[in-house]
Amino acid sequence: MTDSVQSIETLAKRFFDAIEAGDIAAMRASLADDAAIWHNTDELIVTPDQTAQTLTGMVARITDIHYADRRLTAFPGGFVQQHVLTGKRRHDGVAVRLPCAIVCRVDGGLITRLDEYFDSAHVATFRKFATS
């Protein structure tokens, strides 16, 4: 059975809302166990568990996480979302922002492939006080 466009939109919203709320378990539940997550900055494919670990670190370092200016387009088999991830670094209170585009494949109600495109200079502001 093919996922409906409406169910794909619901999945996308649930995925990003979970990250905003710091609910990494709910975010992880939106990904297929064998999902491939790729970032343009290192061109490596990581696992859902590695992604959950990265996002756990982000929510530990960044407060007031918000996906601003969400522009979601869902279609049979996936979705594309552009947004600006914003927040404040806990260490020094500096506001951070990360313009981004995400392209996802969806099958069986889960994200099976996520390709993330962002400017590495913006990522450095998010990771400034990261220990790993």
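Residues numbered from 1 in each chain as written. Predicted model: local features only at pLDDT ≥ 70, side-chain atom pairs only at ≥ 80, totals over all residues. Heavy atoms only, no water.

Enquirer: Give me the lowdown on helix 3 (residues 48-61), citing residues and values where you can.
Expert: For helix 3, built from 14 residues, the straight-helix expectation of 20 Å at 1.5 Å per residue is met to within 8% by its first-to-last C-alpha distance of 20 Å. For helix 3, the set of buried residues is P48, T51, A52, L55, M58, V59 and R61. (Helix = DSSP H or I, 4+ residues; strand = E, 2+ residues; numbered from the N terminus. Expected span 1.5 Å × (residues − 1). Buried < 20%, exposed > 50% of the residue type's maximum accessible area, 1.4 Å probe, protein only.)

Enquirer: Run through the pairing of strand 1 (residues 31-39), naming residues and quoting values.
Expert: Of all nine residues that make up strand 1, seven are buried, and the element is covered over most of its length. As judged from the five bridges shared by strand 1 and strand 6 (residues 110-118), these two strands associate in the parallel manner. Opposite L31, over in strand 6, you have I111 as the bridge partner. Pairing of strand 1 with strand 2 (residues 45-46), which is carried by two bridges, proceeds in the antiparallel orientation. Following the sheet pairing, I37 is matched in strand 2 by V46. (Pairing = 2+ DSSP bridges.)

Enquirer: Quick rundown of the packing of aromatic side chains? Include the residues and the values.
Expert: Under the definition given, this model contains four aromatic pairs. Through successive ring pairs, a cluster of aromatic residues spans F15, F16, Y67 and F79. (Phe/Tyr/Trp six-rings, centres within 6.5 Å; stacked < 30°, edge-to-face > 60°.)

Enquirer: Give me the pairing of strand 5 (residues 95-107): which residues, what numbers.
Expert: Residues V96, L98, C100, I102, C104 and V106 of strand 5 are buried on one face, while the alternating residues A95, R97, P99, A101, V103, R105 and D107, pointing to the opposite face, are not. In this structure, strand 4 (residues 78-89) lies alongside strand 5, joined through 11 bridges in antiparallel fashion. Counted as the bridge partner of G87 is V96 from strand 5. Relative to strand 6, strand 5 runs antiparallel, the two being bridged by eight bridges.

Enquirer: Can you tell me about the sheet that holds strand 6, naming the residues and giving the values?
Expert: Strand order in the open sheet formed by six strands is 2-1-6-5-4-3, and the pairing between neighbours is mixed. Strand pairing shows two members of the sheet lacking a second neighbour, strand 2 and strand 3 (62-75), which therefore form its edges. The pairing of strand 3 with strand 4 spans 10 bridges and is antiparallel. Across the sheet, the residue bridging to F75 is G78, located in strand 4. Against the sheet, helix 1 (residues 5-20) engages strand 1, strand 3, strand 4, strand 5 and strand 6, with an angle of about 170° to strand 3. Across the sheet, helix 3 lies against strand 1, strand 2, strand 3 and strand 4, angled at about 135° from strand 3, the strand it touches most. (Contact = heavy atoms within 4.5 Å. Axes fitted to C-alpha atoms, helices over the stretch in contact; angles between N-to-C directions.)

Enquirer: So what's going on with the environment of F15? Residues and values would help.
Expert: Secondary-structure assignment places F15 in helix 1. Taking relative accessible area as the criterion, F15 reaches 4% and is therefore assigned buried. Separated by 15 residues in the primary sequence, F15 and S30 place their C-alpha atoms 6.1 Å from one another. With residues near it in sequence (within four places) discarded, F15 still touches M27, S30, L31, I111 and L114.

Enquirer: Tell me what's going on with helix 1, and back it up with residues and numbers.
Expert: Between its first and last C-alpha atoms helix 1 spans 23 Å; for 16 residues at 1.5 Å apiece the expected length is 22 Å, and the two agree. Within the sequence span of helix 1, burial applies to I8, L11, A12, F15, F16, A18 and I19. The arc that holds every buried residue of helix 1, seen down its axis, measures 155°, which confines them to one face. Note on helix 1: the residue one or two positions beyond its end, G22, has a positive phi of about 75°. (Arc of directions from axis to C-beta.)

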